[in-house]
Amino acid sequence: MAFSEKTVKKYCDVLLWALKKARKGPSRKNEVIMIRYELPALRLAEALQASLLDAGMNPVLRVGMTPRMEKQFYVKANKRQLVFQPPGEKELYQKLNGGIYLHAPDSLTHLADVDSKKIGKATVARKSLKDILDRREETGKFSWTLCLFPTAELAKQAKLPMARYADQVIKACYLDGKDPVAAWEETYRNALEIKRGLNRMTIERLHVESDHVDLQITPGERRRWVGITGHNIPSFEIFLSPDWRGTRGIYYADQPSYRNGNYVEKVKLTFEKGRVVKSEAAKGDSFLAKQVGMDPGAARVGEFSLTDRRFSKIDRFMANTLFDENFGGQHGNCHLALGSSYSDTYAGDVSSLTRDRKRKLGFNDSALHWDLVNTEDKRVTAYLSGGRKAVIYEKGMFAL
């Protein structure tokens, strides 16, 4: 199944639905929407520009660096160049109302021999821009969504023929149906019932168990489960940002991960008192260690997520975090993110959530956010106030 012009138009419609769904406040004409894309996704970027113009918006288009450009930046840039921000960048971010990010990489491993400390330094330098958008989102002035456009490199790394890879993307995003937006609305409603059930519970801790995972997670005070909010297409995960201080035990990611041009496989993390005290990987161990040490929050948990296999049509490794963290398959998946947390999992007025309040509640802060996925058959038990307990997830499905 190819990405015809009709399919591209459907994808465009879904992304604009997602951007609107993710917005906490009302959207109006003349808003500023950034489309950040990589060259293979040019057709989709063009379609989005046209739709935004028709809707009375002001699209700002930013094309990403090619693999060669990105590598030579990290190889050649000195300390000042690594952290340089273009004039006007901060001012633009302070005016943005939306962001649509189109991932379409031509390479996944081009930064494998680049010093990951340099990558981390550049990432930390851009955190101030991320903080601006986070705050605008909390106050209902900004929303974002992201997606994937298939490339030969993605198909190669996923060990799939290009046509099969594109077919997975089309099916996962409901683009093979007559009305994909209606299909997403139905999934949104079904997920809403699950979130309501979870949020009625007073969970003191979660125990995650599988063949290689034995992990305790503390949701924390004033938390709520969220998900399928429009932020990602596709997105089938239901998640929260826990109190990082209560994390202990062992977590294992059986899904490989590509990050910053590096390949990492079979990650094992040991937590004590909320922090990673030991990190191991069968491949990419050195890169993993440097990422965990990027900043103080990089060794702490920012997100815990579960995906119900009944929602997700993704049943193959896709060599892309967006798809792999939404894997359905036989057993669904859970994923744990090292690094930054999501303030929209706060059960209160997010706009009133100050930095000090976040710190007191155990919301983690970091320049890093790295999703690590486990697709093993697992059971998640919730230990409730009053000494009761309940299995909330098993056999790849929520059990409410």
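Owing to the predicted nature of the structure, the values given are computational and were not obtained by experimental measurement.

Bridge count for strand E8 (residues 248-253) against strand E10 (residues 262-272) is 5 bridges, and the pairing is antiparallel. Bridge pairing links Tyr-251 to Leu-269 in E10. Of the strand pairs in this sheet, strand E9 (residues 257-259) and E10 are connected by 3 bridges, and their pairing is antiparallel. Counted as the bridge partner of Ser-257 is Val-264 from E10. Taking the residues between adjacent antiparallel strands as the criterion, E9 and E10 are bridged by 2 residues, where Asn-260 takes a positive phi near 50 degrees. Here E10 runs beside strand E11 (residues 275-283); their pairing, made up of 7 bridges, is antiparallel. Residue pairing for E11: Leu-269 is matched across the bridge by Ser-279. Taken together, E10 and the strand that follows it, E11, pair antiparallel across an intervening segment of 2 residues, in which Lys-273 is found at a positive phi of about 50 degrees.

Before going further, it helps to spend a moment on the nonpolar core. Grouped together as the largest cluster of nonpolar side chains are 106 residues, with contacts concentrated most on Tyr-11, Leu-44 and Leu-102. For this core, the element with the highest residue contribution is helix H1 (residues 5-22), accounting for 8 residues. The contacts of Leu-44, once residues within four sequence positions are left out, are Val-8, Tyr-11, Cys-12, Leu-15, Leu-102, Cys-147 and Phe-149. Among the nonpolar cores identified, the runner-up in size contains 7 residues, and Ala-77, Leu-111, Val-114 and Ile-119 belong to it.

So, on to the side chain of Glu-237. Mapped onto the secondary structure, Glu-237 falls in strand E7 (residues 237-240). An unpaired buried charge is present at Glu-237: no salt bridge exists, and Lys-195, the closest side chain of opposite charge, is 11 Å distant. Among the polar contacts listed, one links the side chain of Glu-237 to the side chain of His-335, at a separation of 3.4 Å. Sequence-distant contacts of Glu-237, defined by excluding residues within four places in its chain, comprise Val-226, Gly-227, Ile-228, Asn-232, Glu-303, Ser-305, Leu-306, Thr-307, Glu-325, Asn-326 and His-335.

Taking strand neighbours across the sheet as the criterion, the 4 strands line up as E7-E12-E13-E14 in an open arrangement whose pairing is antiparallel. Each edge of the open sheet carries a strand with a single partner, namely E7 and strand E14 (369-374). When the angles between neighbouring strand axes are averaged without regard to direction, this sheet yields 25 degrees. Sheet analysis places strand E13 (residues 333-339) next to E14, joined by 6 bridges and oriented antiparallel. Of the residues in E14, the one forming a bridge with His-335 is Val-373.

Calculation criteria
Residues numbered from 1 in each chain as written. Predicted model: local features only at pLDDT ≥ 70, side-chain atom pairs only at ≥ 80, totals over all residues. Heavy atoms only, no water. Pairing = 2+ DSSP bridges. Helix = DSSP H or I, 4+ residues; strand = E, 2+ residues; numbered from the N terminus. Core = buried A, V, L, I, M, F, W, Y, C linked by side-chain atoms within 4.5 Å. Buried < 20%, exposed > 50% of the residue type's maximum accessible area, 1.4 Å probe, protein only. Contact = heavy atoms within 4.5 Å. Lys, Arg positive; Asp, Glu negative; His and termini not counted. Salt bridge = Lys/Arg side-chain N within 4 Å of Asp/Glu carboxyl O. Polar contact = N/O pair within 3.5 Å; in protein donor to acceptor, adjacent residues only side chain to side chain. Axes fitted to C-alpha atoms, helices over the stretch in contact; angles between N-to-C directions.

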